[in-house]
Amino acid sequence: MNVALSGASGLIGSALTRSLEAAGSRCHRLVRRTPSRADELEWRPEHGLADSEAASGLDVLVHLAGENVAGGRWTTERRSRIGASRGPATRRLVESLSRLEQAPRVFVCASAVGYYGDRGDELLDEDSTSGGGFLASVCREWESAALTAGAVCERVAILRFGVVLSARGGALARMLTPFRLGLGGRLGSGRQYFPWIHIDDAVAAILHVMKRDIRGPVNIVAPEQVTNADLTRAIAATLGRPALLPVPSSALRLAFGAMARETLLASARVVPTVLRNSNFRYRFSTLDAALDRELSPDA
């Protein structure tokens, strides 16, 4: 395939690029500067694609870029950056596709399970309604912007990612130091559901969506639903360390404000109905298997 990716240097994007190139696909990385290599295309979130001729004739455009949601307390400035990097940036990218001589056949855009908000133990699939809060509103605008690509692309798919587990980066990598020091523990009550997927399955799911006639939202999560307390116990057991120091909800809210309420303490019991119904096969369908893969000495 002839594929372009935004966010190609990120945790998911870099793994996806390696997989595509290993399979013989031609990958173009969207960069926010003047291209310095033949496989780079200039893209500015404020304006969209810069070179309509070089970007024409793609099979698939995978849009993964976005400001880090969990990078710290949501100040007014950070909220603005998070929002602007998703809905408005995606809308401008799609508008630039309409100026291409030949738009991509398929547009695949990231989103997140934050779309559902804090929903307790309610089972949530792709047909479930959106929830309340800042993240949910950002995801709604993001997905709305992505769907406008249906006017120029044959197919649009939206990837609602859970937490992608990899020891090389992301949430799991940040958790490892306190757990290895014996300072790990559940967050708040620990009863909040934690939608997750192993990095290898996340990449495989994206490829699955790219190749199949899958349209609209797709929950990129594992089939096993676990809570934060389950995650805490599993990490501690895999590392052979205690996890006896829970972090009170009040301390998290004091330190991180709304970011804690909507990410660390929010509960989303998300199920991958679209992936299951399209016969996607997981390599790591249980949390124990995923952690063994990432945290074993040979990983």
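These lines cover the structure that appears in this document, whether it is placed above or below. Here the structure is a predicted model, which means the values were calculated and not measured.

### Notes on the environment of glutamate 40
- Following the sequence through the fold, glutamate 40 ends up in strand E3 (residues 40–44).
- When the C-alpha atoms of glutamate 40 and alanine 50 are compared, they prove to be 11 Å apart, with 10 residues separating the residues in sequence.
- For glutamate 40, the residues in contact, after removing those within four places along its chain, are Arg29, Val31, Arg33 and Pro35.
- A polar contact is formed between the side chain of glutamate 40 and the backbone nitrogen of serine 36, at a distance of 2.8 Å.

### Observations regarding the pattern of salt bridges
- Evaluation of the coordinates by the stated rule reveals 14 salt bridges.
- The closest approach of N and O atoms between arginine 29 and aspartate 39, which form a salt bridge, is 2.7 Å. One end of the pair, arginine 29, is in strand E2 (residues 26–31); the other, aspartate 39, is in the loop between E2 and E3, with 10 residues separating them in the sequence.
- Judged by its relative accessible area of 19%, arginine 29 is buried.

### Describing the nonpolar core
- Of all hydrophobic cores here, the largest spans 62 residues; its most connected members are Leu16, Val62, Phe107, Phe161, Met210 and Ile220.
- For this core, the element with the highest residue contribution is helix H7 (residues 199–211), accounting for 8 residues.
- Residue contacts for isoleucine 220: discarding those within four places in its chain leaves Leu159, Arg160, Phe161, Gly162, Ile197, Ala202, Ala205 and Leu275.
- Of all hydrophobic cores here, the second largest spans 19 residues; its members include Leu172, Leu176, Ala234 and Ile235.

### With respect to the environment of alanine 260
- Its location among the elements puts alanine 260 in helix H10 (residues 258–264).
- According to the relative accessible area criterion, alanine 260 is buried, its value standing at 0%.
- Residues alanine 260 and arginine 241, spaced 19 residues apart in sequence, show a C-alpha to C-alpha distance of 25 Å.
- When neighbours within four sequence positions are excluded, alanine 260 is seen to be in contact with Leu252, Arg253, Leu265 and Ala266.

### Some remarks on the packing of aromatic side chains
- What the rule picks out here adds up to 3 aromatic pairs.
- Aromatic pair tryptophan 74 and phenylalanine 134: ring centres 5.1 Å apart, planes at 65°, arrangement edge-to-face. Pair noted here: tryptophan 74 is in the loop between strand E5 (60–63) and helix H3 (76–84) and phenylalanine 134 is in helix H5 (residues 134–147), with a separation of 60 residues, a long-range link. Each member of the pair, tryptophan 74 as well as phenylalanine 134, is classed as buried.
- A ring pair is formed by phenylalanine 280 and tyrosine 282, whose centres lie 4.9 Å apart and whose planes are at 80°; its orientation type is edge-to-face.

### Quick notes on the sheet that holds strand E11 (residues 216–220)
- Here 8 strands make up an open sheet; going across it, the order is E4-E3-E2-E1-E5-E6-E8-E11 and the pairing mixed. Taken across any chain shown, the strands that pair with only one partner, and hence form the sheet edges, are strand E4 (48–49) and E11.
- Bridge analysis of strand E1 (residues 2–6) against E2 gives 4 bridges, and the strand direction is parallel. Bridge pairing in E2 links leucine 5 to arginine 29.
- Sheet contacts for H5: strand E6 (106–112) and strand E8 (155–161); angle to E6, the most-contacted strand, approximately 175°.
- Sheet contacts for H7: E1, E5, E6, E8 and E11; angle to E8, the most-contacted strand, approximately 165°.

### Description of the packing of helix H8 (residues 228–239) against helix H12 (residues 287–295)
- Following both chains from N to C, one finds H8 and H12 inclined at 40°, their axes separated by 10 Å at the closest point. Considered as vectors, H8 and H12 are oriented oblique to each other. Once H8 is placed against H12, the crossing between them reads as right-handed. Contacts between H8 and H12 involve Asp230, Leu231, Ala234, Ile235, Thr238 and Leu239 from the former and Leu287, Asp288, Leu291, Asp292 and Leu295 from the latter.
- The class makeup of the residues in the contact of H8 with H12 is 7 nonpolar, 1 polar and 3 charged.

So, how was this worked out
Positions within a chain are numbered from 1, following the residues in the order the chain's sequence is written. Residues qualify for local features only when their pLDDT is at least 70, as the model is predicted, and side-chain atom pairs are given and counted only at 80 or more; totals for whole chains, interfaces and linings, by contrast, use all residues. The basis for every side-chain value is the complete set of heavy atoms in the structure, and neither hydrogens nor water enter the calculation. Under the DSSP-based scheme used, a helix requires at least four consecutive residues in state H or I and a strand at least two consecutive residues in state E, with every element numbered from the N terminus. Contacts: residue pairs with any heavy atoms within 4.5 Å of one another. Polar contacts, as used here, are pairs of N or O atoms within 3.5 Å; protein pairs need one atom able to donate a hydrogen and one able to accept it. Residues neighboring in sequence count only if both atoms are side-chain atoms. Any carboxyl oxygen of Asp or Glu within 4 Å of a side-chain nitrogen of Lys or Arg constitutes a salt bridge here. Summary of the burial criterion: residues with accessible area below 20% of their type's maximum are buried, those above 50% are exposed, and those between are partly exposed, where the area comes from a 1.4 Å probe applied to protein chains only. As used in this record, nonpolar core signifies buried Ala, Val, Leu, Ile, Met, Phe, Trp, Tyr and Cys residues forming a set joined through side-chain atoms within 4.5 Å. Geometry of aromatic contacts follows a simple scheme: Phe, Tyr and Trp rings, the Trp one being its six-membered ring, pair when their centres are within 6.5 Å, and the pair is stacked under 30 degrees between planes, edge-to-face over 60, tilted otherwise. A pair of strands is treated as paired once DSSP finds two or more bridges between them. Each axis is a line fitted through C-alpha atoms, and for a helix only the stretch in contact is used; angles between axes span 0 to 180 degrees, taken between their N-to-C directions. Orientation is classified from the angle alone, with under 35 degrees giving roughly parallel, over 145 giving roughly antiparallel, 65 to 115 giving roughly perpendicular, and any other angle giving oblique. A crossing counts as left-handed when the near helix is turned anticlockwise from the far one by less than a right angle, and as right-handed when that turn is clockwise. Side-chain classes follow a simple rule in which Ala, Val, Leu, Ile, Met, Phe, Trp, Tyr, Cys and Pro form the nonpolar group, Asp, Glu, Lys and Arg form the charged group, and the remainder, Gly included, forms the polar group.

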